[in-house]
Amino acid sequence: MIDVAFYIAHGCSGCTMSMLDLGERMNDFRMRVAWAAPTLGDGKYDRIPEVDYAFIEGGIGLSEHVEIVRELREKSETLVAFGICASCGGIMGLANLHSKEEILEDVFGSAKSSVGDLRIPEMLEFVKPLDSVVEVDCYIGGCPPTPEQIYNAFKAIFEGERGWITSGKSVCE
Ligand code: SF4
């Protein structure tokens, strides 16, 4: 079995949904999901175990994202930027057209630091690609990558390939 972790940072879940469209073909990889977490928690996460592969969807826009991806880097043999937001900033990077203050005011108004009991982690000044925070071994392009792209990328990554696995680099350059 291959132990994997999935984390959605500043992502829309579209990459993960596209992966789920693989359906039973996911069984071809004999993956065991050892850890998974959504984009915005309440600061409480299960302990991250040692894993063979960590897949991270979305850009890095919160202090919490930085903490978690650094830990995933430490705990994983291979770290994968999953989709163009994690690889290059992508759609989520459009937040950089506005200041942090403008976004907070527009979205939360006067309730900037809490919504009910939900703790909002500190926003970074800019949304960044994953490799500006941690070393990345593999990049999967696409927004979202199609199920076929993901299938081929998983196959290549699990067979030891490194670097850009699907087309997408030109989007970053
Ligand atoms: Fe969503 Fe596209 Fe970003 Fe994936 S790459 S998180 S589908 S916006």
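Bear in mind that the values here come from a model prediction, so they are computed numbers and not experimental data.

### Structural notes on the pairing of strand β1 (residues 2-8)
Burial analysis of β1 places five of its seven residues in the buried class, the great majority of the element. Note: β1 against strand β2 (residues 31-37), six bridges, orientation parallel. When the bridges of β2 are listed, Y7 appears paired with A37. In this sheet, strand β3 (residues 51-57) lies alongside β1 in parallel orientation, the contact comprising five bridges. The residue of β3 that forms the bridge with Y7 is I56.

### Side note on helix α2 (residues 63-75)
Here α2 spans 19 Å end to end across 13 residues, near enough to the 18 Å set by a 1.5 Å rise per residue. For α2, every residue scored as buried is listed here: E64, H65, I68, V69 and L72. Down the axis of α2, the smallest arc covering the buried residues is 120 degrees, so these residues share one side. In α2, the exposed positions that point more than 90 degrees away from the buried face belong to S63, R70 and E74.

### Section: the site of the ligand
As a matter of local geometry, the ligand sits amid 14 residues, with G11, G14, G83, C85 and C143 nearest to it. Contributions of two or more residues to the shell around the ligand are made by α1 (14-20) and α3 (84-88).

### Remarks on the nonpolar core
Inside soluble globular proteins, nonpolar side chains tend to come together where they are buried. Among the nonpolar cores identified, the biggest contains 39 residues, and A5, Y7, A54, I56, V80, A81 and I140 are the most heavily contacted of them. If we ignore the near neighbours within four places in the chain, the residues touching A81 are I56, A86, S87, L130, D131, V136, Y139 and I140.

### Some details on the environment of I8
The residue I8 is located in strand β1 in this model. With 24 C-beta atoms counted inside 10 Å, the residue I8 sits in the buried group. A C-alpha to C-alpha distance of 20 Å links I8 and T166, two positions 158 residues apart in sequence.

Criteria and cut-off values
- Residues numbered from 1 in each chain as written.
- Predicted model: local features only at pLDDT ≥ 70, side-chain atom pairs only at ≥ 80, totals over all residues.
- Buried ≥ 20, exposed ≤ 12 C-beta atoms within 10 Å, placed from the backbone.
- Helix = DSSP H or I, 4+ residues; strand = E, 2+ residues; numbered from the N terminus.
- Pairing = 2+ DSSP bridges.
- Expected span 1.5 Å × (residues − 1).
- Arc of directions from axis to C-beta.
- Near = placed C-beta within 6 Å.
- Core = buried A, V, L, I, M, F, W, Y, C linked by C-beta atoms within 7 Å.
- Contact = placed C-beta atoms within 7 Å.

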